[in-house]
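Secondary and tertiary structure notes
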Amino acid sequence: MATIIIDCKTYEVPLGKNVLETCLNLGFDVPYFCWHPGLGSVGACRQCAVKVFKDADDKKGRLVMSCMEPVVHNQHLAVHDADTIDFRKQVIEWLMTNHPHDCAVCDEGGSCHLQDMTVMTGHHERRFTFNKRTYKNQDLGPFLNHEMNRCIQCYRCVRFYKDYAGGKDLDAYASKNNVYFGRAEDGVLENEFSGNLAEICPTGVFTDKTLKEHYTRKWDLTMSPSICQHCSVGCNTIAGERYGALRMIHNRFHEKINGYFLCDRGRFGYEFVNAENRIKQPSINGDVVERTELETRLEKIMKSAKVIGIGSPRASLQSNFALKTLVGEDNFYHGVSDHEHDLAELAVRILKDGPVRTPSTKEIEKSDAIFVLGEDLTNTAPIVALAVRQAVRQDLSGEPEKIHIQGWQDAARKNLQQQRKMPLYSATIHETKLDDICTSANYATPEDIARLGFAVAHCVDHNSPAPEHFPEALQVRARSIANGLLAAKNPTIISGAGCASSAVMKAAANVAIALHKNGIVVGLTYTMLECNSMGLTMIGGHRLSAAFNAVINGHADTLILLENDLFRHGSFAEVGDFLARCKNVIVLDHTKSDSTDRASVVIPAGTFAESDGIIVNNEGRAQRFFQVYESTESIQESWRWIINIGKTLQHPKLQTWQNFEDISKAMASEEPMLQNIDEVNPAVDFRIVGQRIPREPHRFSGRTSMHAHIQVSEQKPPTDDDSPLSYTMEGTRIQPPSAMIPFYWSPGWNSVQSVAKYQHEVGGSLKDGDSGIRLLEANAASSLVYFQGIPEAFVPLEHHLWIVPTYHIFGSEEMSAKSASIQKRIPTPYLLISAVDANIYHLKEQDIIKVSIANISYSFPIKINRNIPVGMAALPYGLCDAPINALPEWGIVETSPLTELHDYVRKTKVQH
Amino acid sequence: MGKKLLLEHINVPGIETFEVYRKQGGYASVEKALKTMTPDAVTEEVKKSGLRGRGGAGFPAGMKWSFLDRKSEKPRYLVCNADESEPGTFKDRYLMEKIPHILVEGMITSSFALGARTSYIYVRGEYMYVIRILEKAIAEAYANGFLGKNILGTDYSLDLYVQPGAGAYICGEETALLESLEGKRGNPRLKPPFPAIAGLYASPTVVNNVETIAAVVPIVNMGGDEYAKIGIGKSTGTKLISASGHINKPGVYEIELGLPVEEFIYSDEYCGGIWKGRKLKACVPGGSSVPILPGELLLKTAKGEQRLMTYESLSDGGFVSGSMLGSGGFIVYDETACIVRNLWTFARFYHHESCGQCSPCREGTGWMEKVLHRIEHGHGQASDIDLLVDVAKKIEGNTICPLGDAAAWPVASAIRHFREEFEFHVKHPEKVVNPKHFEITPFVSERVAVIG
């Protein structure tokens, strides 16, 4: 700790921080632009100037940039001294010389950091009377608008995009007061985290294009704390609605998960909520029916039928549990393919029973060595990929500290670091976006990835089984990976369901356990395919194939399908046959799918925006998302529909449930793995000084007129029986608990930067701690032994391709793929094959290959890749009408190969 | 006749070739240093010589060398700053163009002293023909065993490279130069860390001006003490002055520091007096970034002492009544010069060359240029003058690198000494319509008299 004197008052503050952070933590409003808690200091904008004095007798002092000035003991500072105030005012005047002052028509207006800082410094008189410079804007693709005239050249965008996120196509061009931030030419911003520019930019240069499609001022939104539903990481988001449409997804700071950033799928995938193919009315056999009729018909069906229920990895715990309760444990089936389920169950088992802890993404960021097995993280769990990048960017050499350069001195550290990186080893089926920072990137089939993993584990601990007939060249590689991991203090092993191989996941577990046995604090992360894969596994349920059998055998005739398109989890023929055999197919879902097309009864479920629920992320963290708005009377949470059905059937349990809390409590008492689930957030009757937490900011406008075209008198707002939040602007102005922050705002801080006021210290955890409850902790007394069952090495088969799934951030996830902006980024379907195989079959890029998978012929345009193993092909999940869930599977190539070349390659294969 | 150390053999035919240069005693310092001295001894000689950085800041070169982190396990680098871009400064070009081998020799001796095994000469892109001259000289040095492995049979090896810049003034700032040399955008770095600790490729680095490195040659040859005898006080040795402007004999002159300014201007050995028999109005003595001085303050300090060509004497009186020796870009103005127009030209340059990294310089230089353009073209307002003073004051000292100061000082000093001229432009717009307005009718000031 240090004693410092600011404006003649003494404060006790920690050492190791810069003066700006320290001042902000103490509550001083020091304006800033280029500094960002996630990015550190570069001292470029000169906005955060304060005065530092030599000692108590020094009356003159000198101006310093507070973001570049380390805190030292006995430091005399002035924040509110005439010279500094004058200088900070001048900086704003400089920045404003070319700023267009188009706040009234700017998307950022009213929630703009530049506006806030301008007001904060007190600059109001313009002395610059010349023409302003103007720029040409670029078309940056479907996610972001570009309005360079507003730019104040803080360099935050390139620092985030290039340094933090590893992007390559955004840069600073030209010089003087003509610096241009953009691409070399018009075109889509390629990086998967580009959307963060809308939040990183302190003014309106980069703004959310999807919001502009249906623009509303950000304070006119009804907002709720939400959880991203588009992958298993569970990033915290703020979702905002107006006029019955979801308008915007914003980052909600969570120190342990997503920090300040979201991926583009999470930010822009929300548009499916507003899509045309939403189910808005209940229907029976294709005819829209009234709610009462629906209930009568359902009652009739249910009473006379043998009902089974199929859950969903994208539905909340509450909905799955309600269905399980309605149909009974014996009749509840998880709604994923057996293979998918086995992978998720394996992950839960390893993390629950094993000795190795699964880390948060924040902890991954701090790892000093990472080994990724089989997972293309940028496409399956983007925020984990971003965390991996931060881990690799760390400089733990001690060199900066030796010359007194501190962690926040971003520019100096970057310069000192040069090419030095933390070790990242990866073994994937093809190139990934993390290859540019890999110490060693290995490309292999899932079997060979697993074998490499097992070999690494064996090198770390010889009690771990070793693969047989393992080539020496690979052994050398395995040894070097093992040595890298053994040299680390807190390495992380990352794997997941991505390459659909339990062997890969087991190999990852063995590596982690072996390191653990060496006394190393190792983390083990498994990424899953869907947002609630972990939660569904914890609830349990029978296998999907058993559901198929139950109907075939006549044990059941009626199916309730919960928020699930079964065709994504089983073969087209099998699922089609299954649905056809059911007498009644009752589907609860929010969006039309092949499954709803085959349903006799379709019930409109709410999306995450219209629902309350809890989902469990890949870290095993249960998190609550809150309903943002009630769209129509017919659209309800699935669990609420199920409660209603239960009531009409006078179900003993269901009829006692009234709200979200009742289900959660029942779940906590009945589900052994979800014992604390009712404590994920404060109780429904939680109030702050007797008041609810408003979903609408006090600046919300048009309340009395927004429904005037329907009814002149103001409608009564809906009441929320499921949470302590209100649907109005009335309520407490005190900061809510961290799990229930619907929006960030603080006096004078109208932009996203106001999150600092909700944190213990700027950039640190939220005042109330991190939200969510971790359900999976390492078992210290673990009896988990090393996994055996090492697969044989992959051997290519003539006329065959071993087809494995691959993923795309845009397109592979079901719901985000229905978002209009995301759709513009979805690649066309393809089959990825090696250059060698392309030669064998005499194919060029984009030529059509005919492959028969499970006796059905498919045609795909091919993409040729140098690094993908020979004899293997990768098929992108969700992009083509192919039985992805059946993969990996051999495909018989029906395109005739070129014999001569083939002979040549066969020889090399044998050698291999 | 002053002593010539750098330009002694400038007029020897063929001096740009190795053969002739060697015949004139060239590369003696390399032989002496490598064969008879330790690196520390060479550094010690440079310290004793009192040599001050010739690039503009005048920081003692020996001291700069001693800051180099010699404990680091990383390679050490010597980088020669040949990005000479300051308006009014052209001495380095002259030296490199005429006697390239003196720079190569200085690089070898200095690299030896610093323990650098790889050294670079970073040359501004506009000097492309000079780069060819240097490369030829380096090739000759390699061919004659003065560069490469085991120089002169010793265990010292050195590789020397020439790197062209892309033509940005900012890349003459040492850390921006290093960024550029590393292949990045030439934005100055924040200090600390200083280049002596973490410079090129995060390794200990010394960046020296061409003339500084060339001066190491005579220092080693004659000994630091002997060199220190030339000059006055802390301004030792000789200095190249790029004299330009309204004088009879513009050019590069090597002077012994301590020469009276008056003698430098009026002596036939140097500038040869003001041209066309006109009177001396003002002078920028150290390159465009240093404060301008009216004639009377140029020849005599505010205290009435004779002004000398030394770091101390020229800065006597601080910025109120003094200036700086800077890089030795000596620009002389006769009575017909328009201070406002001259300042606008400078401001235009600094605006154009701002890297755009930090706000005061990026926005302030452009603003000052616009205001000066307006005043010069007869559209100024009375408030513009104070506005300029205010903007310049806020830029000064508040930027990442010295370019902000370089842009602010000329503005502040011009208005300090020649405010009447600015007011004249504002009050009589019709009289400044012609760009050559003061050539037709020289401005007569009530406060500052012209000399002569």
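Residues numbered from 1 in each chain as written. Chains lettered and ligands numbered in written order. Predicted model: local features only at pLDDT ≥ 70, side-chain atom pairs only at ≥ 80, totals over all residues. Heavy atoms only, no water.

Labelled according to an unreviewed UniProt entry, chain B appears under the name NADH-quinone oxidoreductase subunit F, originating from Pseudochryseolinea flava. In the Sequence similarities (unreviewed entry) part of its UniProt record, chain B is described as follows: "Belongs to the complex I 51 kDa subunit family." (UniProt positions renumbered as here; feature names shortened; annotations may be inferred.)

Looking at an unreviewed UniProt entry, one finds chain A named NADH-quinone oxidoreductase subunit G and attributed to Pseudochryseolinea flava.

Residues and elements named next belong to chain A. Split by domain assignment, chain A resolves into domain 1 (2-97), domain 2 (215-274 + 681-715 + 726-770), domain 3 (342-529) and domain 4 (800-911). Between domain 2 and domain 4, the C-alpha centre-to-centre distance is 43 Å. Listed by partner, the interface residues are nine residues for domain 2 and eleven residues for domain 4. Overall, the association of domain 2 and domain 4 removes approximately 790 Å² of surface from exposure, summing both partners, and the carbon and sulfur fraction of that is 63%. Looking at the side of domain 2 facing domain 4, the largest losses of area belong to R265, E271 and F272, adding up to 61% of the total buried there. Inspection of the region where domain 2 meets domain 4 yields zero salt bridges. (Domains from an automatic or database assignment. Contact = heavy atoms within 4.5 Å. Buried area = accessible area lost by both parts, 1.4 Å probe. Salt bridge = Lys/Arg side-chain N within 4 Å of Asp/Glu carboxyl O.)

This part covers the sheet that holds strand β14 (residues 287-288) of chain A. Residues and elements named next belong to chain A. Pairing is mixed in the open sheet, where seven strands are placed in the order β14-β13-β24-β23-β22-β15-β16. Each edge of the open sheet is held by one strand with a lone partner, namely β14 and β16 (332-333). Here four bridges tie strand β15 (residues 307-310) to strand β22 (residues 558-562), and the two strands are oriented parallel to one another. Residue pairing in the sheet places V307 in a bridge with T558 of β22. Running over the sheet, helix α8 (residues 291-304) touches β13 (283-284), β15, β22, β23 (584-589) and β24 (601-604) and is turned about 130 degrees from β24. (Pairing = 2+ DSSP bridges. Helix = DSSP H or I, 4+ residues; strand = E, 2+ residues; numbered from the N terminus. Axes fitted to C-alpha atoms, helices over the stretch in contact; angles between N-to-C directions.)

Now for the pairing of strand β11 (residues 329-334) of chain B. Residue and element names in this part refer to chain B. Where burial is concerned, most of β11 is hidden: six out of the six residues are buried. In β11, alternate side chains face the same way, and those of G329, I331 and Y333 on one face and F330, V332 and D334 on the other are all buried. Note that strand β9 (residues 280-284) and β11 share four bridges and pair antiparallel. Following the sheet pairing, A282 is matched in β11 by Y333. (Buried < 20%, exposed > 50% of the residue type's maximum accessible area, 1.4 Å probe, protein only.)

Accessible area lost on assembly of the parts is the figure often given for the size of an interface. At the junction of the two partners, chain B supplies 39 residues and chain A supplies 40 residues. Between chain B and chain A, the buried area comes to about 3100 Å², and carbon and sulfur atoms account for 57% of it. Contact with chain A buries surface across chain B, with E363(B), W367(B) and K394(B) losing the most and accounting together for 21% of the total. At the boundary of chain B with chain A, the tally comes to three salt bridges. The shortest N-O distance in the salt bridge between D390(B) and R127(A) comes to 3.0 Å. The interface formed by chain B and chain A holds 18 residue pairs in polar contact (both at pLDDT 80 or more) in total. (Polar contact = N/O pair within 3.5 Å; in protein donor to acceptor, adjacent residues only side chain to side chain.)

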